[in-house]
Amino acid sequence: MSRFIQAIRGMHDILPEAVASWHRIEDVSRQVLTSYGYAEIRTPILEVTDLFKRSIGEVTDIVEKEMYSFEDRNGDSLSLRPEGTASCVRAAIEHGLLVQPQRLWYRGPMFRHERPQRGRYRQFNQIGVEVFGLPGPDIDLEIILITARLWRRLGFAGLRLELNSLGDPDERQAYRNELVAYLSSHGDRLDAESIRRLHTNPLRVLDSKHPETQKVIADAPTLMDHLGESTRSHFQSVCSGLDQAGVPYRLNPRLVRGLDYYNRTVFEWITDDLGAQGTVCAGGRYDGLVEQLGGRPTPAVGFAMGLERMVELLALAGHASDAPVHAYLVAVGEQAQAEAPFLAERLRDALPRLRLMTHCGGGSFKSQFKRADRSGASYALVLGEAELERGIVGIKPLREQTGQQELDFGDLVSFLAGLTKDTLDRGASAQLSGSISTRRLQ
RNA sequence: GUGGACGUAGCUCAGUCGGUAGAGCGCAGGAUUGUGGAUCCUGUGGUCGUGGGUUCGAUCCCCAUCGUCCACCCCA
């Protein structure tokens, strides 16, 4: 056992029994995003390290101490992506997508070297949305409504929406100065980390959970009071849109985000059901990022969802399962076993949507039926010496008490077509009628 | 990165005041020599995470290491 190699820390296998939940989330997400006209984009997992330094921010924890960075053979510093926005922006600039508005989405693994715990892994998956070229509050509202629709479709209750506006850069700068002055005057009551942040990223101090620091924060000036007319009405428009749509939210003036590039609207969907890692989805506006990465000034909004956390929520809401196989083909006897794979192939030819599992490995009727039952199949197809001789197949319902029937190939195809909702044209079914034996067709 | 709990069969766990381990579930076979799911019977199962130390002897004590979980931190 000492030589057994385990998966690396914080990186997990998703086993077959769990995959159904992933499918559910991925399928619903794709459907919903497609229904709003969003197009999928796929970008590399690996990027030049500078891309993340310049987008996420050099003084953020992600860039400072959580990136998987290494030197390529030619000496370039590369990093596994810790999030998806930077790559999206890079690709949009690189391929000239920004000449017109773009509504994009992506999915895939992200990598951060954090201490693993529930809902936080070193390799984790996100689905994200990025919209380029639309400056108004209408699109902010749209992407939040997308997320609300997703929760409805997935049956997630109990998520709460928190909302804030970070203002525009000049507003934030003015506020930052005032905040630093205020916090500095109470420096003796702040925790060490907050004091360090005072000089690097003072807005993050608002996020602190430190009890004494929180008391100081409670009386701190708020960013909301420093918004100009334009940002204020932008934010109010988003809020009233949510009111009209009947999506409840909570204003949280201390909601800042860990990434430097956000401005104006920011939001988070939070659950209390997953312990300390309660943020399931978060995003906001980042109007300055495209230009910062070398593109023409282009407004942008987006969000990302943590799929592992969503999978956990789905487990709390009930179990997802993939559709089991329609039928399981049991074949006993040398002749029947030899014939079975080809019978199965002809059924699959006739019914492309049929989910049919063929028994392999021989064994008694008893053991094969046990397998058939455990496969979850609705029907067992039975091919033994007797059936072979008479040119028919037995079909036995495994989920109800009605008896076993005997059908020739044509009738079998028609019967299974009823399960798969495959439709047969007349020519095909004529061609398919007759004996079950492949050899007789040769 | 900091602090803490834990790691025994495929799974959930019990246990040994240090003398190389048990249950339930699962899995396989049988009771029905061509038919699953219920019941009963039988069987299968672990160098007790890994490496080292103390000891006549370690799964149990000590150290290290890897991993899981919780909180901080961070964030999706």
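Attention in this report is confined to the structure presented alongside it.

Reading the values: rules and limits
- Residues numbered from 1 in each chain as written.
- Chains lettered and ligands numbered in written order.
- Predicted model: local features only at pLDDT ≥ 70, side-chain atom pairs only at ≥ 80, totals over all residues.
- Heavy atoms only, no water.
- Near = heavy atom within 4 Å.
- Polar contact = N/O pair within 3.5 Å; in protein donor to acceptor, adjacent residues only side chain to side chain.
- Helix = DSSP H or I, 4+ residues; strand = E, 2+ residues; numbered from the N terminus.
- Phe/Tyr/Trp six-rings, centres within 6.5 Å; stacked < 30°, edge-to-face > 60°.
- Contact = heavy atoms within 4.5 Å.
- Buried < 20%, exposed > 50% of the residue type's maximum accessible area, 1.4 Å probe, protein only.
- Pairing = 2+ DSSP bridges.

Of all residues adjacent to RNA strand B, which total 49 residues, the nearest are Arg 118, Arg 197, Arg 204, Arg 257 and Leu 398. Of all RNA strand B atoms lying within 4 Å of any protein atom, the proportion belonging to sugar or phosphate reaches 57%. Here a base oxygen of RNA strand B sits 3.0 Å away from a polar atom, N or O, in the side chain of Glu 114. In this structure, Gln 277 approaches RNA strand B through a side-chain N or O atom, which is 2.9 Å from a base nitrogen. If you list the elements that add at least two residues to the surface near RNA strand B, you get strand 6 (123-132), strand 10 (279-285), strand 11 (300-306), helix 13 (365-374), helix 14 (385-390) and strand 15 (393-397).

Mapped onto the elements of the fold, Gly 384 is located in the loop between strand 14 (379-383) and helix 14. Separated by 53 residues in the primary sequence, Gly 384 and Ala 331 place their C-alpha atoms 5.7 Å from one another.

Another point: the packing of aromatic side chains. Remark: the centre distance and the inter-plane angle together describe each pair of aromatic rings, the angle taken between the planes. Evaluated as defined, the whole model comprises 7 aromatic pairs. Relative to Phe 415, the ring of Tyr 379 lies with its centre 5.1 Å away and its plane at 90°, an arrangement referred to as edge-to-face. On the criterion of sequence distance, the pair formed by Tyr 379 in strand 14 and Phe 415 in helix 15 (residues 409-420) is long-range, its members being 36 residues apart. Here the aromatic cluster, defined as three or more aromatic residues joined through ring pairs, consists of Phe 132, Tyr 261, Tyr 262 and Tyr 286.

To continue, consider the side chain of Asp 140. Looking at the secondary structure, you find Asp 140 in helix 5 (residues 137-154). Side chain to side chain, Asp 140 and Thr 265 meet in a polar contact 2.6 Å long. The contact partners of Asp 140, leaving out residues within four places of it in the chain, are His 234, Val 238, Thr 265, Arg 285 and Val 301.

Extensive coverage of strand 14 is indicated by the burial of 5 of its 5 residues. Taking every second residue as pointing to the same face, both faces of strand 14 are buried, with Tyr 379, Leu 381 and Leu 383 on one and Ala 380 and Val 382 on the other. Here 5 bridges tie strand 12 (residues 327-331) to strand 14, and the two strands are oriented parallel to one another. Across the sheet, the residue bridging to Ala 331 is Leu 383, located in strand 14. Examined bridge by bridge, strand 14 and strand 15 share 4 bridges and lie antiparallel to one another. Opposite Leu 381, over in strand 15, you have Ile 395 as the bridge partner.

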